[in-house]
Amino acid sequence: MPWRRRIAQALLAPVVLLYTLATVGPFVWIVVLSLRITPDIFRNPYGAPVPAHWEKYAAAWFGSNYDVYFFNSLLVVGCAVAILTVVGAMAAHALARYRFIGNRFCYFLIFSTLIFPPQLIIIALYQILIEYGLFDTRIGLVLVYVSLNLPITVYILEGFFRRLPSDLYDAARMDGYSEMLVFWKVSFPIAWPAISATIILNTITLWNEFLFAIVLIADDSRRTLPIGILKFMGDQGNDVGMVATGLMISVVPVLLIYAFFSEKLIQGITAGAVK
Amino acid sequence: MATVELESVSKAYGSHRAVVRDVNLRVEDGEFMVLLGPSGCGKSTTLRMIAGLEPITEGRIRIDGRLMNRVPARDRDIAMVFQSYALYPHMTVFDNMAFGLRRRGLSKSEITRKVNSTAEGLELSLLLDRRPFALSGGQRQRVALGRAIVREPKVFLLDEPLSNLDAALRATTRNELVKLHQRIRTTMIYVTHDQVEAMTMGTRICIMSAGRIVQIGHPMEVYRDPANTFVARFLGSPAMNLLPAGIAGDIISIGDQSLSRPVAYRGIVPTDRVILGIRPEDITLRPAGQGALQAQVVTVAPLGAETQLSLTLAGVEPEVIVRAPRDTSCEPGQTVRLDFDASSIRLFDATTEERMPTVLHG
C-alpha cells in the first residue's frame, strides 16, 4: 500500500540523513580545514574557507617534502599491489584448480594468518627486517605489505577461481596451452572483476597504512604519506590546517580509484564471496 | 591415418572401485564411433582419457599407433567439443576459434583465413565479433564445433554436445553433424546417453555399462542382436520385451502358452529358465482363431504414426508392449491373438542374462 511505503520512507529518511552526516560530515570538514590557515581555524573551527588558501597545497607539496612522501607511497604501494595481484592470483588459482597433497593445509595456513593482529607481529617483524638488512628500506616495507595482505587476496580469489567451470581449463589444454599459459590467457582475464576488487582493496588499505610504516621506516626520505602528516604534529601543538591539507593530498588518489572502480569492487567481492 | 586404440584401459580414483574397467576398443580411421550408455557408466571418463585430460590407471592408449599414455593433451592433436561448450567468455567468437591456432605458429593472415572459412561453413560469419553471452544455445554449440574444426585435428571428441539443446534443434544439429562427418571424414568419437543419437549418427556404437564395454557393433547389428538383457533394454524405444520362458523339446513355453522353438536356437539344451526377448515391432496382432499366443489388452496408446498396446500373457510378468499399425482398433480388457516373428526372437540365459548362442551366429 502506497501510504505505508510513504510512512516507512518518512521514518527512514532522517535515519539515512543522520548516518550520511555522521560519515560524510567529518570528511567535508577536513576539506574545508585544508583550505583554511590554522589561526583562522582556532578562532572559528567551523567557519567557511573564505578566502580559500589553495597555496597551502603547494606549500605542503614543495615545502614539506610531500612530493617525496607521495612518490614513496606510490612506489611502495604500487610494488606491493603488483606483487600481491600476481602472486595472490597464482596462489589462489593453484589452490582452487589443482589437487595436490597438502592443498587444504596450505590454504588453511595462509588463511589462518588473518587472525593475528598487526600489533602481535610487529616486534618480530622489526627484528627480522634488521637481521636481513631490510629495516628502513622501501623494499622491506613492500615485502611486509605483501605478507600482510596476501591472505585476504588469496581468500577472495580462491573462491572465484573455484567457481570457474573446469571445462574452460580443459578446453584451453586441448587448444595447446601449458598450465602457465592457461592461467594467463584464461583464468586471469576471466577473474578480472575479482582481481580488480583485490587491487582496489589492497591499494586503499596499504595507502593508508600507518603502523608498520612508522615502525619500519626511520629516514624522512623514505617515509610514506601517512607518516608525512606527522610532520605537522609537534610537542607544542599541531598545525591543524596543514594536517588537513596533508590528509587531503593523501586521500585524493584513493578517492579517484574508488570513484572509477567501485562498481568492479562490488562485483569482485560478491563474485568471490559466493562459493 | 587416425586410428584410436584402447588396450585394457582402466581408471580408478584412489582406492575406490574402478570407474572404467579393462576397456578394449579400436576406432578406425574416419569412423564415427558412438560411446553409448547410462549416466555414470564411464563413457565420459573414457573420452577424457583419450583426450589426455584424465591419467589412465592401467592399459595403453594409442593414436595412429603412437603410445599416448604420457603425452599431454595439448600434444595429441585432438579437438574436443564439451557438453557445456566451454567457450571462453572474455573472447569474441573469432578469438575463441583462433585461440587454438595461435599456439601453432600460424601467421595472422592464415589464422584469419581459416577462421573465416570455418565460420562461413557453420553460418557464423555475422557473429564473429560477438561474445558467448550474446549467443543463443545453438550458436554457441556451432562456435564450439567451429573451434574444433578449425584446428583440423586427427581426432574429434564430442562429449554429449547436443544435450543442452531443445529437441527440435537437437534433431537439426544431429543431421548437421552427420553431414559434417561425411564431408571431413575425420575420426570422431561421440559420447551420448541418447540412443536416437547413437543409432542415427554412429558408424558403430559401443555400449558401456558400469565401466565396461558390453557390446560393440553397427547400430542395426546391436539393435537386432543385443549381447545381453542390458543392451536389449537400453536400446530401442519402447525397449525389447523380456519374458521368462522355458525350453522343452521343440517348444518354448511362456506362462501357460507355447510356441515353436526358432531354428536358430535348436542347439540349446532344454531348460525351464530362459529369457525370451522380442521387439515390440516384431509382434503381430492376428484375427481371432489365428496366432500362436493369446493376450489381454491392458492399455491402448494411439501415438499418431502407430498405436502402442500394452498386453498381458496369462501367467507372465511383465506386460508385453506391441507397436501396432495406427488404425488398430482395440479396447482395454479385450482378448487378442498374437504371433512373434520367429527370426526376431532372442533368447538370454536367465542367470547370466547373456544372449544364448545361435546355430547361425554363434
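Residues numbered from 1 in each chain as written. Chains lettered and ligands numbered in written order. Predicted model: local features only at pLDDT ≥ 70, side-chain atom pairs only at ≥ 80, totals over all residues.

### A word on the overall build of chain A
Stage number 1. A count of helices and strands for chain A gives 13 helices and two strands.
Stage number 2. Oriented by its inertia axes, the alpha-carbon framework of chain A measures out at about 70 × 70 × 35 Å.
Stage number 3. Counting all 275 residues of chain A, 32% fall into the buried class. (Helix = DSSP H or I, 4+ residues; strand = E, 2+ residues; numbered from the N terminus. Buried ≥ 20, exposed ≤ 12 C-beta atoms within 10 Å, placed from the backbone.)

### Quick look at the nonpolar core
The nonpolar side chains of a soluble globular protein tend to be buried with one another.
Stage number 1. In terms of nonpolar packing, the biggest core is built from 106 residues, with Val34(B), Leu35(B), Leu157(B), Ile189(B) and Cys206(B) touching the most fellow members.
Stage number 2. With sequence-adjacent residues up to four places away left out, Val34(B) is seen in contact with Tyr190(B), Thr192(B), Ala198(B), Met201(B), Gly202(B), Ile205(B) and Cys206(B).
Stage number 3. Membership of the second largest hydrophobic core comes to 36 residues, among which are Ala96(A), Leu141(A), Trp207(A) and Leu216(A). (Core = buried A, V, L, I, M, F, W, Y, C linked by C-beta atoms within 7 Å. Contact = placed C-beta atoms within 7 Å.)

### Description of the confidence of the model for chain B
Stage number 1. Within chain B, residue pLDDT values average 91, and 99% of them lie at 70 or more.
Stage number 2. Note on the complex model: pTM 0.81, ipTM 0.82. (pLDDT = per-residue confidence, 0-100.)

### Section: the pairing of strand E17 (residues 306-313) of chain B
All names here are of chain B.
Stage number 1. As judged from the seven bridges shared by strand E16 (residues 293-302) and E17, these two strands associate in the antiparallel manner. Counterpart to Val297 in the pairing with E17 is Leu311.
Stage number 2. The turn joining E16 and E17, which pair antiparallel and follow one another in sequence, is formed by three residues; a positive phi near 100° is taken by Gly304. (Pairing = 2+ DSSP bridges.)

### A look at the domain arrangement of chain B
Residues and elements named next belong to chain B.
Stage number 1. Domain parsing of chain B yields domain 1 (4-233) and domain 2 (239-349).
Stage number 2. Computed from C-alpha atoms alone, the centre-to-centre distance between domain 1 and domain 2 is 39 Å.
Stage number 3. Counting residues at the interface gives six residues for domain 1, matched by seven residues for domain 2.
Stage number 4. Tallied by class, residues from the side of domain 1 that touches domain 2 come to two nonpolar, two polar and two charged. (Domains from an automatic or database assignment. Nonpolar A, V, L, I, M, F, W, Y, C, P; charged D, E, K, R; others polar.)

### A closer look at the packing of helix H7 (residues 138-163) of chain A against helix H10 (residues 192-207) of chain A
Residues and elements named next belong to chain A.
Stage number 1. At a closest axis distance of 10 Å, the pairing of H7 and H10 adopts a crossing angle of 155°. The pairing of H7 with H10 is recorded here as roughly antiparallel in orientation. In this structure, H7 crosses over H10, and the sense of that crossing is right-handed. Of the residues in H10, those touching H7 at Tyr145, Asn149, Thr153, Ile156, Leu157 and Phe160 are Ala194, Ile195, Ala197, Thr198, Asn202, Thr205 and Leu206.
Stage number 2. Residue composition of the contact of H7 with H10, grouped by class: eight nonpolar, five polar and no charged. (Axes fitted to C-alpha atoms, helices over the stretch in contact; angles between N-to-C directions. Parallel < 35°, antiparallel > 145°, perpendicular 65-115°, else oblique. Left-handed = near helix turned anticlockwise from the far one by under 90°.)

### Focus: the pairing of strand E7 (residues 155-159) of chain B
Residues and elements named next belong to chain B.
Stage number 1. Most of E7 sits inside the fold, with five of its five residues counted as buried.
Stage number 2. Of the pairings in the sheet, the one linking E7 to strand E8 (residues 187-192) comprises five bridges and is parallel in character. Bridge assignment links Phe156 to a residue of E8, and that residue is Met188.

### Observations regarding the environment of Phe32(B)
All names here are of chain B.
Stage number 1. Looking at the element boundaries, Phe32 is found in strand E3 (residues 32-36).
Stage number 2. Separated by 127 residues in sequence, Phe32 and Asp159 place their C-alpha atoms 13 Å apart.
Stage number 3. Contacts of Phe32, omitting those with residues within four sequence positions, involve His181, Met188, Tyr190, Met201, Gly202 and Thr203.

### Concerning the interface of chain B and chain A
Stage number 1. Each partner contributes residues to the interface: chain B has 17 residues there, and chain A has 13 residues.
Stage number 2. Of all elements in the fold, only strand E6 (78-81) and helix H2 (93-102) of chain B reach the threshold of two or more residues within the side of chain B that touches chain A.
Stage number 3. Counting residues per element, the side of chain B that touches chain A draws most heavily on E6(B), at three residues.
Stage number 4. For the side of chain B that touches chain A, the per-class residue count stands at eleven nonpolar, three polar and three charged.

### Some details on unusual backbone geometry
Stage number 1. The omega torsion of the bond from Val50(A) to Pro51(A) falls at 0°, within 30 degrees of zero and hence cis.
Stage number 2. Of note, Pro51(A) is situated in the loop between helix H2 (38-43) and helix H3 (55-63).
Stage number 3. Here the residue pair Glu317(B) and Pro318(B) is connected by a cis peptide bond, since its omega of 0° sits within 30 degrees of zero.
Stage number 4. Counting through the fold element by element, Pro318(B) comes out in the loop between E17 and strand E18 (320-325).
Stage number 5. A positive phi angle, near 60°, is found at Asp136(A), a position not held by glycine.
Stage number 6. With respect to the helices and strands, the residue Asp136(A) is situated in the loop between helix H6 (118-131) and H7.

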